[in-house]
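Reading the structure
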Amino acid sequence: MMKPEDFCFSHITQTFSDVNAFRTAYTVSCLACIPFLLTSVVGNFIMVFSLWKCRSLHPPFKALLRSLVLSDLGVGLVVQPLFLACHFTALTENMSYFCVIQVVYNTVGYFIAGVSFVTTTSIALDRFFAIQMRIGYRQFATLRKTHALLVFIWVLCAFLSSVWIWNVALYRIFRDTLLISCITIACVSYIRVFMLVRQCQVGLNANQVQGNAIFHLGRYKNTVTSTIYVFGFLLLCYMPFLCLSVAALRSEQNAVLSLWTHIALVLVYANSSFNPALYCWRIPEIRQIARETFGKLFCKT
């Protein structure tokens, strides 16, 4: 039976060497990760409860948003503790624990990141179909279909995240294809949404349609703006890590590049702690419930 040491022997010496070359920097960055971990757990727990109580959001859209919140909660509850444990064992050069934790950390981390990207892309498509189909959207985007889509997303990402264990090269092909596809689809969807909103505004002005029309353009624009902020912030937090990953493939691995990749990962995980603030800022229905929930939890006298 293959031991954990055998599984990661090819790079464990390099990892320990990189970490020991910048012990202070790694220690400080790990400590900086702890506040993000705590705010991610607390904030996303409040978001899960707020979405459960919120009745004004369209159920399929709310289900997609809940999936994104759950993936962010998974980052705080599972991925970040594994990230800290992985680097702690590297700093202490505990080979056996490091290899076991790293396998679990990489698998779960890839899984959660995949769910976040695919769910964010699904939200972009949902907003596109909402304005493309307008009145017919509610018959098309049912809660049953959305739940089926989310089950497919979570199962697909779980499968893809396990591929790296037996074939790293194949996993990288799957990963790069998925990332490029998600970013492209989301960007094209929001560009089309912007164009259709402009057309819809011109049509409403020309026909002098009243604000109580069946398709509420103002409410729709608010939700689109909110989801664009979420998508944009996701890209902002992931882009340094993605660029450094590409650089690592094109150049020889070294301690400086490994350190910057480690710091970029801290920024990636920070995204999960900032998202609840984005939801509260951009979605009034959630903001009020979250404020009340936070007050009950932390402001009791």
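Provided above is the structure to which this section pertains.
Here goes a summary of the coordinates provided.

1. Looking at a nonpolar patch on the surface
- Together, F159, I165, W166, L170, I173 and F174 make up a nonpolar patch on the protein surface, roughly 580 Å² of accessible area in all.
- Of all the secondary structure elements, the ones that give two or more residues to the nonpolar patch are helix 7 (143-166) and helix 8 (168-207).
- For L170, the position within the fold is in helix 8.

2. Thoughts on the pattern of salt bridges
- Applying the stated criterion across every chain yields a total of two salt bridges.
- Salt-bridge contacts for D176 lead to R175; the nearest nitrogen and oxygen are separated by 3.2 Å.
- Owing to a relative accessible area of 32%, D176 belongs among the partly exposed residues under this scheme.

3. Thoughts on the nonpolar core
- Within the largest apolar cluster, 74 residues are counted, with the highest numbers of intra-cluster contacts made by M47, L65, F83, Y105, F117, Y220 and Y269.
- Discounting chain neighbours no more than four positions away, the residues touching M47 are V69, P276, Y279, C280, I286 and A290.

4. Observations regarding the packing of aromatic side chains
- Considering all chains together, one arrives at 12 aromatic pairs under this definition.
- Summarising the aromatic geometry, the rings of F49 and W52 are spaced 5.7 Å apart at their centres and angled 45 degrees between planes, so their arrangement reads as tilted. Pair noted here: F49 and W52 are both in helix 3 (residues 23-53), with a separation of three residues, about one helical turn.
- Classification of W52 by relative accessible area gives exposed; the value is 55%.
- Consider the rings of F128 and F129, whose centres lie 5.5 Å apart with planes at 55 degrees: the pair is tilted.
- Since its relative accessible area comes to 30%, F129 is described here as partly exposed.
- Taken together, the ring pairs in this structure connect F36, F233 and F274 into an aromatic cluster.
- Looking at R127, its charged tip hangs above the ring of F61, at a distance of 4.6 Å from the centre.
- The ring of W281 carries the charged tip of R282 above its face, separated from the ring centre by 5.3 Å.

5. Notes on the environment of V41
- Relative to the helices and strands, V41 resides in helix 3.
- By relative accessible area, which is 15% here, V41 ends up buried.
- The spacing of V41 and G76 is 35 residues in sequence and 5.1 Å in space, taken between C-alpha atoms.
- Once residues lying within four places of it in the same chain are set aside, the contact partners of V41 are L73, G76 and L77.

Parameters and conventions
- Residues numbered from 1 in each chain as written.
- Predicted model: local features only at pLDDT ≥ 70, side-chain atom pairs only at ≥ 80, totals over all residues.
- Heavy atoms only, no water.
- Patch = residues over 30% accessible without salt bridge, like charges linked within 9 Å, V, L, I, M, F, W, Y side chains within 5 Å.
- Areas by Shrake-Rupley, 256 points an atom, 1.4 Å probe, with all protein chains shown as cover.
- Salt bridge = Lys/Arg side-chain N within 4 Å of Asp/Glu carboxyl O.
- Helix = DSSP H or I, 4+ residues; strand = E, 2+ residues; numbered from the N terminus.
- Buried < 20%, exposed > 50% of the residue type's maximum accessible area, 1.4 Å probe, protein only.
- Core = buried A, V, L, I, M, F, W, Y, C linked by side-chain atoms within 4.5 Å.
- Contact = heavy atoms within 4.5 Å.
- Phe/Tyr/Trp six-rings, centres within 6.5 Å; stacked < 30°, edge-to-face > 60°.
- Lys NZ or Arg CZ within 6 Å of the ring centre and 35° of its normal.

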